[in-house]
Amino acid sequence: MDSSPLFAPNCTLLSDKVITGVVQRVAPLHGRFDHECSFIAPTRLPPLESLTDETQPSPTQTPVSGRKLKILTSRRERCRINQARYRKRQRQHAEDLDDSIRQLKEEIQDLEIQKHNVLRSAPTDKNVWVVATEYFRHFRHGYNACDVLLFTSTARTKQHLQLDFLKATMAPEVTDGDLIGAEVLLESWRRFSLYHGDVNVELTRLEQVSRDSLFATTQTSITITQNTLRFLYPHLVNVNDDSHEAALALKLLDQRLVVHGSVWFDWDSTTGRVVRLESKLDLLTAMLRLLGDLESVVRVFDEALITLDGRLVAEGDSAPHSPKIAPFFR
C-alpha cells in the first residue's frame, strides 16, 4: 500500500507523528541598557492604529485668525456690493428699453400720420398713368384691413388709405362691370382677399390704348384655402367623401395659382378722375393647368360663386356675414 503511485515515497516521514508541537514564532523582545549600564526591560510598541499626531489639529477645528476673518468679511462685502450694482444696472437697462419702445411707438404713429398726409396730398390727378400705378401699389396685396388713426386736438378719426385713394382718384359713379362706386369696389377687393390666401398682384405691363385709356397687364398669385372652397366652390365640399367633386376639392386645396389678368382704365381729363375700370382674370387657363383636363374645370365652375374671368357672384346665404364697408366709412 505504501508503494502505491498515489502516495509519496516519504509520506510516513511527514506524518503528525514525526512533526509535532509546531508553534508560530514571535519576534523577540529586546531590552536596552542606559548610559549607566542599567538594563531597561523591553516594552511593546502600541499598535499603529492608535498612533495619532496629537500636535496637529483637526481640519474642522482649525482656528481662523483675525486677519483672515477680516479678509473673508471684506470679500463678502465686495461681492454683495457688486451684486447690488449688477441688479441696479439690469433694472436700469429694462427701464431704458421700455422708454425706447414707447418712443418708437410714438415715432411710428407720427410717421403713419405723415405718410397718410403725403398720400392724400399727392398729385394723383395729373394723369391716368400716375393713378394706374398708384392703384396697383395700394392693392398689391389685395384688401388691407388696417386703418389709420388720426389724432387732432379736438377729435380722433379713423380713415382707410385704400378707400381714401379710390375716392380721391375715381369718379363718384365709377364702374367695374356691375360694381358702382368706390366703396363697392373696395368691398369686392375685401371679399376676394377674404376668400383667397396670400393675395399678390403684380403689374407687368402698362400701355396707352388711346388718349384717355390705359391697358394694364397683371399677374395675380393666390392660394386656394378652406375659405375658397367653402365660399366660392361650396358644391365641391357639401358632397360625399367618395364623390368626384370631393376628389377635386382635395386636389385644389392649398394649391398656389398664378393667374394672368388685365385692368382697363378710362380717364376723364375734365375732372381728372377715372370713370371706368374693367378688371379680368384668366382663371380658365390657371385651373386647366392645375387640373389637367377641361371636364374637371367645367365641374369646378359649374355651380361656383366666381366666374371664369374672376368676378365674384353676389353674396348668398353661405357667405360670411361681416360688416359692410360703406356705412362704416361714411
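Here, residues in each chain are numbered from 1, in the same order as that chain's written sequence. Whole-chain, interface and lining totals are the exception, using all residues; otherwise, since this is a predicted model, local features are given only for residues with pLDDT of at least 70 and side-chain atom pairs are given and counted only at 80 or more. To get the side-chain values, take all heavy atoms of the structure and skip hydrogens and water.

K.L.:
I would appreciate a short explanation of the sheet that holds strand β9 (residues 256-268) in the present structure.
P.N.:
Pairing between sheet strands relies on hydrogen bonds along the backbone, with the strands arranged either parallel or antiparallel. When DSSP finds two or more bridges between a pair of strands, those strands are recorded as paired. Put simply, DSSP marks the helices as runs of H or I at least four residues long and the strands as runs of E at least two long, and each gets a number from the N terminus on. Ordered by their spatial adjacency, six strands build an open sheet running β6-β5-β10-β9-β8-β7, and the pairing between neighbours is mixed. At either margin of the open sheet sits one strand with a lone partner, and together these are β6 (179-180) and β7 (197-210). Two strands pair when backbone bridges link them, and β7 and strand β8 (residues 213-223) are joined in this way by 10 bridges, in the antiparallel orientation. Bridge pairing links Val201 to Thr220 in β8.

K.L.:
Help me understand the nonpolar core, please; the structure alone is not making it clear to me.
P.N.:
General note: in soluble globular proteins, nonpolar side chains tend to be found buried as a group. In this structure, Tyr135, Leu166, Tyr233, Phe265, Met287, Val300 and Phe301 are the most contacted members of the largest nonpolar core, which totals 51 residues. Per element, the largest residue contribution to this core is six residues, and it comes from helix α4 (residues 182-195). Once you skip the residues sitting within four places of it in the chain, Phe301 turns out to touch Tyr233, Leu283, Met287, Ile306, Thr307 and Leu308. For our purposes a nonpolar core is just a set of buried Ala, Val, Leu, Ile, Met, Phe, Trp, Tyr and Cys residues, chained together by side-chain atoms within 4.5 Å. Whether a residue is buried, partly exposed or exposed follows from its accessible area with a 1.4 Å probe, protein chains only, as a fraction of its type maximum: under 20%, in between, or over 50%, in that order. The contact definition used throughout considers only heavy atoms, calling two residues in contact when any of these lie within 4.5 Å.

K.L.:
Whenever I open this one, the environment of Val174 confuses me. Can you help?
P.N.:
Along the polypeptide, Val174 turns up in strand β5 (residues 170-176). Put simply, Val174 and Arg276 are 102 residues apart on the chain and 5.3 Å apart in space, counted from C-alpha to C-alpha.

K.L.:
Would you take a moment to explain the packing of aromatic side chains for this structure?
P.N.:
Both the distance between ring centres and the angle between the ring planes are used here to describe each pair of aromatic rings. Any pair of Phe, Tyr and Trp rings, taking the six-membered ring for Trp, is counted once the centres come within 6.5 Å. Such a pair is stacked with planes under 30 degrees apart, edge-to-face with planes over 60 apart, and tilted for the rest. According to the stated counting rule, one finds nine aromatic pairs in the structure shown. An angle of 75° between the planes, with centres 6.0 Å apart, marks the rings of Phe136 and Phe265 as edge-to-face. A residue pair is termed long-range when its members are at least 10 positions apart, and Phe136 in helix α2 (residues 128-138) and Phe265 in strand β9 qualify at 129 residues. With respect to burial, Phe136 and Phe265 carry one shared label: buried. Through a chain of ring-to-ring contacts, the aromatic side chains of Tyr135, Phe136, Phe139, Trp189 and Phe265 assemble into a single cluster.

K.L.:
Would you mind going over unusual backbone geometry with me for this structure?
P.N.:
Excluding glycine, residues mostly have negative phi values, and the peptide bonds linking residues are mostly trans. Within the chain, Asp198 stands out as a residue other than glycine whose phi angle is a positive 50°. Here Asp198 is to be found in strand β7. Phi at Asp254 is positive, roughly 65°, even though this residue is not glycine. Relative to the elements of secondary structure, Asp254 occurs in the loop between α6 (244-252) and β9.

K.L.:
Sorry if this is basic, but what is going on with the pattern of salt bridges here?
P.N.:
Side chains that differ in charge, positive against negative, can pair when their charged atoms come close. In what follows, salt bridge is the name for a side-chain nitrogen of Lys or Arg lying within 4 Å of a carboxyl oxygen of Asp or Glu. Inspection of the entire model under this criterion finds 12 salt bridges. Note that Glu134 and Arg137 form a salt bridge whose closest N and O atoms lie 2.8 Å from each other. Here Glu134 and its partner Arg137 are both found in helix α2, three residues apart, which amounts to about one turn of the helix. Using a relative accessible area of 42% as the deciding quantity, one classes Arg137 as partly exposed.

K.L.:
Just checking my understanding: could you explain a nonpolar patch on the surface for this structure?
P.N.:
A surface patch of nonpolar side chains, amounting to about 410 Å² of accessible area, comprises Leu284, Leu288, Leu294, Val298 and Leu308. Broken down by secondary-structure element, the contributors of at least two residues to the nonpolar patch are α7 (283-291) and α8 (294-301). Along the chain, Leu284 turns up in helix α7. Patch criteria: residues need more than 30% relative accessible area and no salt bridge. Like-charged residues are merged within 9 Å; nonpolar side chains of Val, Leu, Ile, Met, Phe, Trp and Tyr are merged within 5 Å. Here the open area of atoms and residues is found with the Shrake-Rupley method and a 1.4 Å probe, where only the protein chains shown may cover a residue.

K.L.:
Would you take a moment to explain the packing of helix α3 (residues 161-169) against α4 for this structure?
P.N.:
Relative orientation and spacing of two packed helices are given, respectively, by the angle between their axes and the distance between those axes. Two numbers describe how α3 lies on α4: the axes approach to 9 Å, and their chain directions differ by 140°. When the axis of α3 is compared with that of α4, the two are oblique. Remark: the crossing between α3 and α4 carries right-handed chirality. Listed contacts from α4 to Gln162, Leu163, Leu166 and Lys167 of α3 are Ala182, Glu183, Leu185 and Leu186. Here the contact of α3 with α4 is built from residues that sort into five nonpolar, one polar and two charged. Working convention: axes come from line fits to C-alpha atoms, limited for helices to the stretch in contact. Angles between N-to-C directions cover 0 to 180 degrees. Orientation is classified from the angle alone, with under 35 degrees giving roughly parallel, over 145 giving roughly antiparallel, 65 to 115 giving roughly perpendicular, and any other angle giving oblique. Each helix crossing is assigned a hand: it is left-handed if the near helix lies turned anticlockwise from the far helix by less than a right angle, otherwise right-handed if that turn is clockwise. Gly falls in the polar group here, along with every residue not listed as nonpolar (Ala, Val, Leu, Ile, Met, Phe, Trp, Tyr, Cys, Pro) or charged (Asp, Glu, Lys, Arg).

K.L.:
Which parts of the structure should I look at to understand the side chain of Thr223?
P.N.:
With respect to the helices and strands, the residue Thr223 is situated in strand β8. Judged by its relative accessible area of 16%, Thr223 falls in the buried class. Whenever two N or O atoms come within 3.5 Å, that pair is a polar contact, provided that in protein one can donate a hydrogen and the other can accept it, and provided that, for residues adjacent in sequence, both atoms are side-chain atoms. In this structure the side chain of Thr223 is engaged in a polar contact, spanning 2.7 Å, whose partner is the side chain of Arg256. Once residues lying within four places of it in the same chain are set aside, the contact partners of Thr223 are His196, Gly197, Asp198, Thr228, Asp254, Gln255 and Arg256.

K.L.:
In this structure, what is going on with the environment of Asp268? I would like to understand it.
P.N.:
Its location among the elements puts Asp268 in strand β9. We classify Asp268 as partly exposed; its relative accessible area is 24%. Residues Asp268 and Met170 lie 98 residues apart in sequence; the distance between their C-alpha atoms is 9.6 Å. In this structure Asp268 touches Arg273 and Val275, once residues within four positions along its chain are discounted.

K.L.:
In this structure, what is going on with the pairing of β5? I would like to understand it.
P.N.:
Here is the key point about a regular strand: its side chains alternate between the two faces of the sheet. The sheet contact formed by β5 and strand β10 (residues 273-281) spans three bridges and is parallel. The residue of β10 that forms the bridge with Thr175 is Arg276. In this sheet, β6 lies alongside β5 in antiparallel orientation, the contact comprising two bridges. When the bridges of β6 are listed, Thr175 appears paired with Ile180. Between β5 and β6, which pair antiparallel and follow one another directly, the connecting turn spans two residues, one of which, Gly177, has a positive phi of 70°.

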